[in-house]
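# Fold and contact review
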Amino acid sequence: MRPVRRFWSRLSAWVWRRRNEDRLRAEVEEHLAMQTAEYIRDGLTPVEARRQAVLKFGAVEALKEDYRDQRGLPVMETLIQDTRQAIRRLRKSPAFTITTVATLALGIGATTSIFTLVHAVIFKSLAVAKPSELYRVGKETHCCVWGGYNQGDEFSIFSYDLYKHLRDNTKGFRELAAFQAGSWLIGVRRVGGTQVAQSLPGEFVSGNYFGMLGIQAQVGRTISTADDQSGATPVALMSYRLWTQKYNADFAVIGSVFSLNGKPFIIVGVTPAAFFGETLRSNPPDLFMPIATEPLIHSDGSLLRPPSTHWLDIIGRIEPGANAASIEAQMRVALKQWLRSHWGDMDENARLNLPQQTLYLSPGGAGITSMREAFEHWLQILMMVSGVVLLIVCANVANLMLVRGIERRQQTSLSVALGARPGRMVRQALTESVLLSLVGGTLGLLVASGVTSLILHFAFTNEAGVTSGALTTSISAPILAFAFAVSLITGIAFGIAPAWMAARVDPIEALRGAKRSTSRSGSLARKALVVMQAALSLVLLSASGLLTAALTNLESQDFGFEHEGRTVANIDPQLAGYKASQLSSLYQRIRESFTGIPGVSSVALCGYSPLSGDSWNDGIYVDGRPAPGPKDDNSSSFVRLTPGFLDTLGSPVLKGRGITEEDTSGSTHVAVVNEAFVKKFLKGEDPIGKRVGRSEIGASRQYEIVGVVKDVRYLTYNLDKPVGAFFYMPEAQYDTFPNRAFTEGDVRSHFLHDIVIRMRPGAVLNVADVRRALAAVDPNLPVISIRTMREQVSAQFTQQRLLARLTSFFGILSLVLASIGLYGVTAYNAGRRVNEIGVRMALGAGQRQVIALVLRGALGLVLLGLFVGVPMTLAAGRFLGSQVVRDEPLQPESQLVVRDRAGSRGGYVGVHSGVARQSHFALGSAQGGVRT
């Protein structure tokens, strides 16, 4: 019944309006007829009598407008009438309409595409129940393990023991859940299946994790508190992405047994399609497992037991009406209590720093924001760049609208002469502009979808070619609202000038011809718009040039090793269930197998290769020197490796020797240090033969320095800083520390993950040969990734490269638009001066003089635009320098580094292929912890 009622209501309203219009028309005609009859009686002819009657009555259309206003004609009806008229006008000018809509689609589409990413990365909340009630314990983002009892400015990563203490001693949280900081690769194979094991990202979560977030399983059930108990049957929850893409949404998967790192787990359910975990990342977890099952997965060096091994993030849902500040104060007291209960396990520096240890609560509705922090700056820069492009688009379209308005000036004057109100003319001009911008915005959504997909592919795709499902290009309500707002504002922006011109027309021009008096109408406005386009284009082109030059210098810097002829194959022995006692034999078999590949010159393994995204750090103690103070920086990065690694990598030994076959488990423990290590700890001394140790002052004689190697840029953060202290240790030599927890944790550093393969000159490595060689060693040991060293280095600058390329694209687009605008103004001015040019040529001017006359005006606009753009370019360069390159103005010779807060001191996010490396343990140091 409702559609029928709505139809009759609209029909009645239409009939009522038609009757009123007919009545108005009849009444006007009646007045005119009476006045005409009176003039005829006075002796005038019928034609003259009618003319005089109309003159006496006044502007008929204006009186009708007054009547409609007094009658209260709905604004919507007026808008519909203006829209219909605008559509008719645009339909009669297809070339103008197509050009304008296409230009707007590019500008609005570019801006919307960047906003789509900004919304997904910066503004989007977790797909959970009532995200505003969630609070995270901590503000900093750390991945993946932190050792010791000191975390610098704040505690934001926690051991399992500390999590339980905070959970049991804090009021105000409805529930407090824990989950693994980062995600680790798990070797996964369906028991009874024929497929080989594959490496997939997994995450350990507390039993109340899904219940606290308000997540219900798509199929089956979620992990419960009963599952997170010692001795419980091992279970896991599968992601919707893995279930649909790998297992074709097979319901038989639920209840099936899967082998995870060689241990049987039962799949009890599938996560919802929209849930990708609590952290925005390129490769979200495919498997969720209870924290209590962590020792099953990591039998050697489990993270669950040591109280000083921090590897968990904590997030909770507060009680309604609870005060976050009060809860924070409670948790700080509980933290101090827990730290004091481990006083005997602390070193002296940790005890001195105990009063400064604290923690903070931060809003947790957006989850862990490591990707947000990494991408926020360059997304903001791209948003500003796209805004500049939109300004150029507005200027270009405004120029077209001005020319169109001038061409229609005589028609506008005639309308005003017939009684049209200036306000109505302005409204019609703005309606046409907004209509164009809305159509352009609609097409811009299609452009935005394609551009966003390309950006996601290049910037948010892991090595397996998988783009994070948490980052989507789907058009949502916020995207639609943004596109509509941008379109509306754009339409008003470029429609103001034509509307202003429509309001200032002189009715007398309808009689004498608009062209006679408006030869220069709007000329200043059009020229000003072209100057603005030229200035803004110069800013974008200069910015893109600076970014490209800085990126080129950064990529071509001396990294301290050879790129060419080197390939890195990434593995993880734990995925195949290897224990520490089996590693040396495994590495030897791998080296022998890979050496047999045709064209291979040498092979060596290391914990992580240069710029792979992983990091081991520890505190260094020099034998015979006092222990560093609480504020002294004695940290150094390190890596374990097999003999011959430095030669395979192409990193020259400057003094002494490298790691050789003589460095066995029974020989003197040795270390090879880099130049930065010598400058930091042994400045002015001969390092060869010196003794150093790590982690504790009592272990200061652990290693004898046997060589100094050239500085190699290993770490993926602080790329604009000098290389830091670094040392290399043999894989075969296991260390013992006074603190047993450190000894157990150090075992994890012996699990080497990168196989570096050096090829002979001219030889090419076949990927299939690499897989066959590793399968010959152990078919259950999967290859996680294979890439050349050059690709590994290049992957570190994906964000910067994308920023430079997009800025270049926007700069070229702005140049094209500015050129079109300049051509339009020049062509229009030349067309308006045809008579003048004809007179000049009749008086003797040649063709070259005429061409020079036209070009002089165009070049003058360009030069003026450049003059205006130079200071803007300098300001933009300084701004980009402060945002992109740390604390320095952007110059072509500067190094381009997007700021990464997660990579600052106090916690380093170690990520490889979008997934944190497997189980790398960071030993405690004088600085209260190190990073991995």
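Scroll up a little and you will see the structure.
Described below are features of the structure shown in this document. (Residues numbered from 1 in each chain as written. Predicted model: local features only at pLDDT ≥ 70, side-chain atom pairs only at ≥ 80, totals over all residues. Heavy atoms only, no water.)

The secondary structure content of the protein amounts to 27 helices and 24 strands. Burial analysis of the protein (932 residues in total) assigns 54% to the buried set. For the protein, long-range pairs separated by at least 24 residues make up 81% of all intrachain contacts whose partners lie at least 6 apart in sequence. When the accessible surface of the protein is summed, it comes to about 40000 Å², and 58% of that surface belongs to carbon and sulfur atoms. (Helix = DSSP H or I, 4+ residues; strand = E, 2+ residues; numbered from the N terminus. Buried < 20%, exposed > 50% of the residue type's maximum accessible area, 1.4 Å probe, protein only. Contact = heavy atoms within 4.5 Å. Areas by Shrake-Rupley, 256 points an atom, 1.4 Å probe, with all protein chains shown as cover.)

Once that is clear, we can look at the packing of helix α19 (residues 583-595) against helix α23 (residues 767-777). Two elements in contact, α19 and α23, have axes whose closest approach is 9 Å; the angle formed by their N-to-C orientations is 140 degrees. Comparing the axis directions of α19 and α23 gives the class oblique. At the point where α19 passes α23, the crossing takes the right-handed sense. Residues Leu-586, Arg-589, Ile-590, Ser-593 and Phe-594 of α19 touch α23, and the partners they reach there are Val-770, Ala-773, Leu-774, Ala-776 and Val-777. Of the residues belonging to the contact of α19 with α23, the class tally is eight nonpolar, one polar and one charged. (Axes fitted to C-alpha atoms, helices over the stretch in contact; angles between N-to-C directions. Parallel < 35°, antiparallel > 145°, perpendicular 65-115°, else oblique. Left-handed = near helix turned anticlockwise from the far one by under 90°. Nonpolar A, V, L, I, M, F, W, Y, C, P; charged D, E, K, R; others polar.)

Another aspect to go through is the pattern of salt bridges. Oppositely charged side chains are able to pair whenever their charged atoms sit close together. Scanning all chains against the criterion turns up 22 salt bridges. Taking the shortest distance from any N to any O, the salt bridge between Arg-136 and Asp-313 comes out at 3.6 Å. Taken together, the residues span a long stretch of sequence, with Arg-136 in strand β1 (residues 134-137) and Asp-313 in strand β12 (residues 312-318) at a distance of 177 residues. Measuring nitrogen to oxygen at the nearest pair gives 2.5 Å for the salt bridge that ties Asp-746 to Arg-694. Of the two residues, Asp-746 is situated in helix α22 (residues 740-746) and Arg-694 in strand β20 (residues 691-694); the sequence distance between them amounts to 52 residues. The same class applies to Asp-746 and to Arg-694, which are both buried. Overlapping salt bridges, with partners in common, bring together Asp-618, Arg-640, Arg-694, Asp-735 and Asp-746 in one network. (Salt bridge = Lys/Arg side-chain N within 4 Å of Asp/Glu carboxyl O.)

Take the packing of helix α6 (residues 160-168) against helix α10 (residues 324-341) next. Contact geometry for α6 and α10: axes closest at 10 Å, N-to-C directions at 135 degrees. Looking at the two axes, α6 sits oblique to α10. In the packing of α6 onto α10, the handedness of the crossing is right-handed. Of the residues in α10, those touching α6 at Asp-161, Leu-162, His-165 and Leu-166 are Met-331, Ala-334, Leu-335, Gln-337 and Trp-338. The class makeup of the residues in the contact of α6 with α10 is six nonpolar, two polar and one charged.

The subject of this paragraph is the environment of Thr-222. Here Thr-222 is to be found in the loop between β6 (219-220) and β7 (235-238). Accessibility expressed as a relative area gives 18% for Thr-222, which makes it buried. Between the C-alpha atoms of Thr-222 and Asn-208, which are 14 residues apart in sequence, the distance is 9.6 Å. If near-sequence neighbours (up to four positions away) are discounted, Thr-222 is found in contact with Phe-210, Ile-215, Gln-216, Ala-217, Asp-227, Leu-237 and Val-268.

If a strand is regular, its side chains alternate between the two faces of the sheet. Alignment of β6 against strand β9 (residues 263-270), held across two bridges, turns out to be antiparallel. Directly across from Val-219, in β9, lies its bridge partner Val-270. Bridge count between β7 and β9: four bridges; the pairing is parallel. In the strand pairing of β9, Val-235 is matched with Ile-266. The hairpin turn running from strand β8 (residues 257-260) into β9, its antiparallel successor, is two residues long, and Asn-261 in that turn takes a positive phi close to 55 degrees. (Pairing = 2+ DSSP bridges.)

Quick look at the nonpolar core now. As a rule of thumb, nonpolar side chains are buried together in soluble globular proteins. Phe-645, Phe-677, Tyr-714 and Tyr-728 are the most contacted members of the largest nonpolar core, which totals 99 residues. The dominant element in this core, judged by the number of residues it contributes, is helix α12 (residues 370-407), at 17 residues. Dropping the residues within four chain positions of it, Tyr-728 is found in contact with Val-639, Leu-641, Leu-646, Ile-659, Val-670, Ala-671, Val-672, Val-709, Val-712 and Tyr-714. (Core = buried A, V, L, I, M, F, W, Y, C linked by side-chain atoms within 4.5 Å.)

Let's shift gears to α23. Among the residues making up α23, those that are buried are Asp-769, Val-770, Ala-773, Leu-774 and Val-777. Along α23, the residues classed as buried sweep out an arc of 130 degrees about the axis, all on the same side. Opposite the buried face of α23, at more than 90 degrees from it, the exposed residues are Arg-772 and Ala-776. Packed against the buried residues of α23 are β14 (566-570), α19, β23 (754-759) and β24 (785-788). (Arc of directions from axis to C-beta.)

Moving on, we come to a nonpolar patch on the surface. There is a patch of nonpolar side chains on the surface, built from Leu-541, Ile-812, Leu-815, Val-816 and Ile-820 and spanning about 400 Å² of accessible area. At four residues, the largest contribution of residues to the nonpolar patch is made by helix α25 (residues 798-832). Considering the arrangement of structural elements, one finds Val-816 in helix α25. Given the relative accessible area of 42%, Val-816 is considered partly exposed. (Patch = residues over 30% accessible without salt bridge, like charges linked within 9 Å, V, L, I, M, F, W, Y side chains within 5 Å.)

On to unusual backbone geometry, then. A positive phi angle is found at Lys-130, which is not glycine, with a value near 45 degrees. When you line up the elements, Lys-130 lands in the loop between α5 (94-123) and β1. The backbone phi angle of Asn-248 is positive, close to 50 degrees, even though this residue is not glycine. Residue position: Asn-248 is located in the loop between α8 (240-245) and β8.

What the rule picks out here adds up to 26 aromatic pairs. Ring geometry for Phe-677 and Phe-681: centres 4.8 Å apart, planes at 50 degrees, overall tilted. Here the residue Phe-677 and the residue Phe-681 both occupy positions in helix α21 (residues 675-681), the gap between them amounting to four residues, near one helical turn. Residue Phe-677 is classed as buried on the basis of its relative accessible area of 1%. Here a set of aromatic residues connected by ring pairs shows up, and it is made of Trp-616, Phe-638, Phe-677, Phe-681, Tyr-703 and Phe-727. Of note, Lys-139 hangs over the ring of Tyr-360, and the distance from its end group to the ring centre comes to 4.2 Å. Taking NZ or CZ as reference, Arg-694 lies 4.7 Å from the ring centre of Phe-638, over its face. (Phe/Tyr/Trp six-rings, centres within 6.5 Å; stacked < 30°, edge-to-face > 60°. Lys NZ or Arg CZ within 6 Å of the ring centre and 35° of its normal.)

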